[in-house]
Amino acid sequence: MPILIRTKYIPATDTTGAKIKATFANRTKSIPYPYELSGEKVHKKAAWAWVEKHMTRQGWDDPSRFTLKTHWSEKQGYSFEVQ
């Protein structure tokens with residue numbers, strides 16, 4: 001079953017900073033916006049955080065063996081296919 005992780009930018013509020021949120025199958029992982037990165041790299045970092053959090057819990061103890069294939073859609077933004 002392919003895993004397609006979608007990411008989106010969450011703007012800052014009065015009480016929290018900006019974030020990037022990664023989601024697949026109702027499982028999410030948010031990271032603080034990494035200002036040292038830009039564009040696709042920001043979203044890819046969030047997707048990796050999702051992989052490290054959720055896939056290791058499923059018994060896949062070495063997420064470094066996976067690669068992320070980037071997909072871009074003007075309408076839906078970034079998504080990353082775990083390969």
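Structure: see above.
Residues numbered from 1 in each chain as written. Predicted model: local features only at pLDDT ≥ 70, side-chain atom pairs only at ≥ 80, totals over all residues. Heavy atoms only, no water.

Asker: Before we go on, may I ask you to explain the sheet that holds strand β2 (residues 19-24) in this structure?
Answerer: One key point about sheets: their strands pair by backbone hydrogen bonds, in either a parallel or an antiparallel sense. With antiparallel pairing, 5 strands are arranged side by side in an open sheet as β3-β2-β1-β5-β4. Lying at the two open borders of the sheet, with one neighbouring strand each, are β3 (27-32) and β4 (68-73). The average angle at which neighbouring strand axes cross in this sheet is 25°, direction not considered. Two strands pair when backbone bridges link them, and strand β1 (residues 3-10) and strand β5 (residues 77-82) are joined in this way by 4 bridges, in the antiparallel orientation. (Pairing = 2+ DSSP bridges. Helix = DSSP H or I, 4+ residues; strand = E, 2+ residues; numbered from the N terminus. Axes fitted to C-alpha atoms, helices over the stretch in contact; angles between N-to-C directions.)

Asker: Explanation requested: the nonpolar core in the structure shown.
Answerer: The nonpolar side chains of a soluble globular protein tend to be buried, and buried together. Core analysis: the biggest nonpolar cluster contains 18 residues, and Ile3, Ile5, Trp50, Val51, Met55, Leu68 and Val82 have the highest contact counts within it. A per-element tally of this core places helix α1 (residues 40-57) first, with 7 residues. Among residues more than four places away in sequence, those in contact with Ile5 are Ala22, Thr23, Phe24, Ala47, Trp50, Val51, Tyr78, Ser79, Phe80 and Val82. (Core = buried A, V, L, I, M, F, W, Y, C linked by side-chain atoms within 4.5 Å. Buried < 20%, exposed > 50% of the residue type's maximum accessible area, 1.4 Å probe, protein only. Contact = heavy atoms within 4.5 Å.)

Asker: Mind showing me how you'd approach the pattern of salt bridges here?
Answerer: Side chains carrying opposite charge are able to pair once their charged atoms draw close together. Summed over all chains, the structure comprises 1 salt bridge. When the shortest N-O distance is used, the salt bridge between Lys45 and Glu36 registers 3.5 Å. Residue classification places Lys45 among the partly exposed residues on the basis of a relative accessible area of 39%. Relative accessible area serves as the criterion here: at 58%, Glu36 is assigned to the exposed category. (Salt bridge = Lys/Arg side-chain N within 4 Å of Asp/Glu carboxyl O.)

Asker: Got a minute to help me understand the packing of aromatic side chains in this structure?
Answerer: Describing an aromatic ring pair means giving the distance of the ring centres and the angle of the ring planes. In the structure shown here, the tally under the stated rule is 5 aromatic pairs. Note on Phe24 and Trp50: the rings are 5.9 Å apart at their centroids and 85° apart in plane angle, and the pair reads as edge-to-face. Here Phe24 is found in strand β2, whereas its partner Trp50 is found in helix α1, with 26 residues between them in sequence. Since its relative accessible area comes to 3%, Trp50 is described here as buried. Taken together, a centroid distance of 6.1 Å and an interplanar angle of 10° make the contact between Tyr78 and Phe80 stacked. Ring-pair connections join several aromatic residues into one group, and the members of that group are Tyr9, Tyr33 and Tyr35. (Phe/Tyr/Trp six-rings, centres within 6.5 Å; stacked < 30°, edge-to-face > 60°.)

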